[in-house]
Each structure stands twice: as C-alpha cells, then as structure tokens.
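Report on the structure
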Amino acid sequence: MSQCKRQKVTLLGATGSIGDATCDLLELHSDEFEVHGLAAGGNCDRMFELIKKFKPARVAMSDAMAANKLMERLTAQCPDLAATTDILVGSEGVTELSGDGGADMVVGAIVGAAGLKPLLNAIKTGCRICLANKEALVMSGQLFFDMAAKHGSQVLPVDSEHSAIFQCLPPSEQSRMGTCDLASVGVKEILLTGSGGPFLNCDLAELDNVTPEKAVNHPVWSMGPKISVDSATMMNKALEYIEARYLFNASSDQVKVIIHPQSVIHSMVSYEDGAVLAQLGQPDMKTPIGLAMAYPNRMTTSVQSIDFTKISQLTFKQPEKERYPCLFMGIEASKQGQAMTTALNAANEVAVAAFLSKRISFKAIAHTVDHVLSSISGTDAYELEEIMAIDSKARAIANAFINK
Ligand code: NAD
Ligand code: MG
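First things first, this report covers the structure right here in the doc. Only a predicted model underlies this, so the values are computations on that prediction, with no experimental measurement involved.

A look at the nonpolar core
Counting 139 residues, the largest nonpolar core has Met47, Leu70, Ile129, Phe144, Phe248 and Phe362 as the members making the most contacts within it. Considering every element that reaches this core, the biggest residue donor is helix H15 (residues 338-356), with 11 residues. Setting aside residues no more than four positions away along its own chain, Ile129 makes contact with Val106, Leu119, Ala122, Ile123, Phe144, Ser153, Gln154, Val155 and Leu156.

What follows is the structure, encoded as structure tokens:
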C-alpha cells in the first residue's frame, strides 16, 4: 500500500481487544496512518500509554473519573502532551469526538449499544467506517445504511465472518454494503460459520454449572468478556446473523448458520452454479481489521498464513436448539424486525453483565432474553429515539426479571 498523505484514524474502543489489535496495525503502518482520536470507557492506564505512543489530537473517555485522572496524570508526567491533547469527558465526549470530522476513517470497536450514537455521528462526516461493533448494526441496521448512503460513508466489515463473506463477493457488491443485490450476482446463500464456543461437546446437563471463568475461555479466539460469553451461548452468532442480513441486504433465507469448530474457514458464499467460495485464515482479528483499513488494498500484518499440512480435519455440524437457544431466538427476532432485534440485544447485554458478576446462571441468560422478547410488542423501529426507547424498556424488563 502506498499513499503520500497519511490517513487519519479515530479509534473507538481503543483499550479493548479489537482496540489492541488495531493499535498494533497503526504502529506497524505509522507511515500510512496517523491517529486523530482515541476513545474508550474507563481504562486510564492503557489510555495513558496509548497517548504517549500515538500522540492523538483528541481523546475521549466515557467514564468521567477516568478522564479526570488521565488529565491529572498527563499534566504531572507529560506536560507537553497535556498541552497538545484535547481530552473530552463522558459519553457525550465520545460522541463528539466521533463526529468531529477530523478522521478519514473511524474504527468502531466499542462493545455493545454504547457504540451506536458515536458511530451514527461518525457516519454524518462521510468518513469510512470500519465496523466491529456489531451491536450497533443489530439495533439500527436500516437507519445506519440509510445515513451512510446519504452522507457518502463507506461501511466495511471488521467482524471476521463478515469480512470473509465480503471477500467472497464480487467487487460490485463489495462497493455497496447495505444495498447488495445477492441474487443478481448469482449468490444462493451465505454460510455463516461459528466455532460453537467452549460448550460445543459437553453434556447438556453441564450447562447448569457453567461459571464465567469457563464461559470466557474460548477454544479458538481471544476476545473481550462480553463477546466471549456471547460465543458460548451463540448469541454472538445470532447478532452476526442479523449483522449479515443488514450488511449484505440478505433475506432470512439467504443466511445459514453452520458450526465449524476449527474456525479455519471464516465463512462462505454459495453460488447458484454449485461453487462455494470460502475465506480461510488464522483466528487473528488483525487480518479483517487490516483489510477494512486498507481496502481495496491489503496491508502486511504479523499474522502467519495457515500451514495446511498441520490441519488434520475441517468439520461441520448443525447447531442444536437445546444447546444454543439464544441463536434461535436471535434468528426469529431478526425475522420480526428491528424493534425485536434491539430488545434482544439490550436483554442480552443486561443478562451477560449479570452472569459475569455472578448474579445469574449461564442458562438464565437465555431465560432473560426469552422473557424480554415475549414482553415486548411492536416489530419495527427506525429512528434513533424509537430505538433508544425500546433499548431502555428492554433493559428495564430484563433487570426486573433478574432482580425478581
Ligand atoms: P472489549 O471489552 O475488549 O473492549 C471494549 C472497548 O470499548 C474498550 O476499549 C472499552 O473501554 C470501550 N467501551 C466500553 N464502553 C464504552 C463507552 N460507553 N464509551 C466508550 N468506550 C467504551 O471488547 P472487544 O472484544 O474488543 O469487542 C469490541 C466490539 O467488537 C464488540 O462489539 C464485539 O462484538 C466486536 N468484535 C470483537 C471481536 C474480537 O475478537 N474481540 C471480533 C469481532 C467483533
Ligand atoms: Mg465474528
């Protein structure tokens, strides 16, 4: 990749797992990218290190105490940087930074619904969006792509499965995320693969005794705690199913979920002529992040190619309903509309947080989501206010159910 002018990047969720991988790429390719802004929640120590490394013009922390601590530390230890770094406070600060127009691309790697408003604000600037924060799309897919079209913002997938699908589509469709016409290019269906998580082969009875420690211990990928639990319940695949439908403008019948424990194939596209295209690689997010940043080019990364002589087998199986109720609830919610997918996401976020803090059992995550979905009526939501109202209502119902 060769460019005379460095691309300016704002990284949302800079201190997380995707944030870390993105920072590695930014460091490796510092001749092509410079950091305009960094945003995160409350990890002041990590942000302090990142400011020293990247010298961003602006930083935002949603946790006000962390932001204040960061300012004090910079002033005391790095007065030069304190003078040149604009530090914004609170979730309003994160949203302001995202939409300030100072970046050519925004990497969306905040976890959960908190990433939605910052991303919509970024879209308004017409910049490229490298999208990891799938929950934002689950809540607002229609609005997200309508706004991207209106403001000329190019949305590129970072989620590894969606990056794989993207790479298996022809350039005509790659250039119109959100408005693809899959049938027109001979696509029969998208095969969305998932590892099945740590409980793929355990006795169903063992699911009664799953601890947070066991649930976040993913067999293949190393990720943040929320997405690790989502992988164990396969809610992650449900969110990805919804994400795929919006990204590739696919009908519910055009996306199939299939378990592939080795995670060597990252997803596939099946064509009408019998051909199936797949993208393969190491389970390392630097590959899809790098592609989204460098597209239509590719960038070098530290990721090694697969040594096929070391792979003994690639296996596939259908997901079971009893083991992964969240997956099936998510697919059903997607058929009903955006109000239900927003409620599903909100209920899941509340339930996963309760599970991680040992307030509910692993199986109660699915029970909570089920309860919320059966308590919410209405199938459609479009405007941000409607989406946020359903999100709040679903969170309140989920909390009441958990505290009962
Ligand atoms: P993580 O928990 O490791 O990191 C989350 C980041 O978001 C942190 O920097 C945190 O400080 C920040 N954050 C949290 N709340 C915030 C708020 N209110 N305002 C600003 N920043 C906030 O999570 P992760 O695993 O990096 O995942 C991030 C997103 O990427 C998720 O949506 C996830 O589904 C998606 N994703 C992750 C992976 C992966 O391999 N980790 C793969 C595909 C997609
Ligand atoms: Mg994924």
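What to know about the coordination of the magnesium ion (ligand 2)
Coordination of the magnesium ion (ligand 2) by the protein involves Asp159 (OD), Glu161 (OE) and Glu240 (OE), with metal-donor separations of 2.1 to 2.2 Å. Sequence positions of the donors to the magnesium ion (ligand 2) reduce to the motif D-x1-E-x78-E. A residue is classified by how much of its surface remains accessible, and Glu161, at 8% relative accessible area, is buried.

Notes on the sheet that holds strand E2 (residues 33-40)
Ordered by their spatial adjacency, seven strands build an open sheet running E4-E3-E2-E1-E5-E6-E7, and the pairing between neighbours is parallel. Either end of the sheet is taken by a strand with one partner, and the two such strands are strand E4 (86-89) and strand E7 (155-157). Strand-to-strand, the axes of this sheet are offset by a mean angle of 20°, without reference to chain direction. With four bridges connecting them, E2 and strand E3 (residues 58-61) associate as parallel partners. Note on E3: the bridge partner recorded for Ala40 is Met61. Each of E3 and E4 is contacted by helix H3 (residues 64-77), which is oriented at about 160° to E4, the strand it contacts most. Strands in contact with helix H6 (residues 116-123) are strand E1 (7-12), strand E5 (105-108) and strand E6 (128-131); relative to E6, the strand with the most contacts, it is inclined by about 150°.

Concerning the sheet that holds strand E10 (residues 265-271)
Taken in spatial order, the four strands make up an open sheet running E9-E8-E10-E11, and their pairing is mixed. Strand pairing shows two members of the sheet lacking a second neighbour, strand E9 (255-259) and strand E11 (276-280), which therefore form its edges. Neighbouring strand axes in the sheet, compared pairwise and without regard to direction, differ in orientation by 20° on average. Across five bridges, the pairing between strand E8 (residues 187-194) and E9 is parallel. Across the sheet, Ile190 pairs through a bridge with Val255, a residue of E9.

Scoring rules and cut-offs
Residues numbered from 1 in each chain as written. Chains lettered and ligands numbered in written order. Predicted model: local features only at pLDDT ≥ 70, side-chain atom pairs only at ≥ 80, totals over all residues. Heavy atoms only, no water. Core = buried A, V, L, I, M, F, W, Y, C linked by side-chain atoms within 4.5 Å. Buried < 20%, exposed > 50% of the residue type's maximum accessible area, 1.4 Å probe, protein only. Helix = DSSP H or I, 4+ residues; strand = E, 2+ residues; numbered from the N terminus. Contact = heavy atoms within 4.5 Å. Donors = N, O, S within 2.8 Å, 3.2 Å for Na, K, Ca; no water. Pairing = 2+ DSSP bridges. Axes fitted to C-alpha atoms, helices over the stretch in contact; angles between N-to-C directions.

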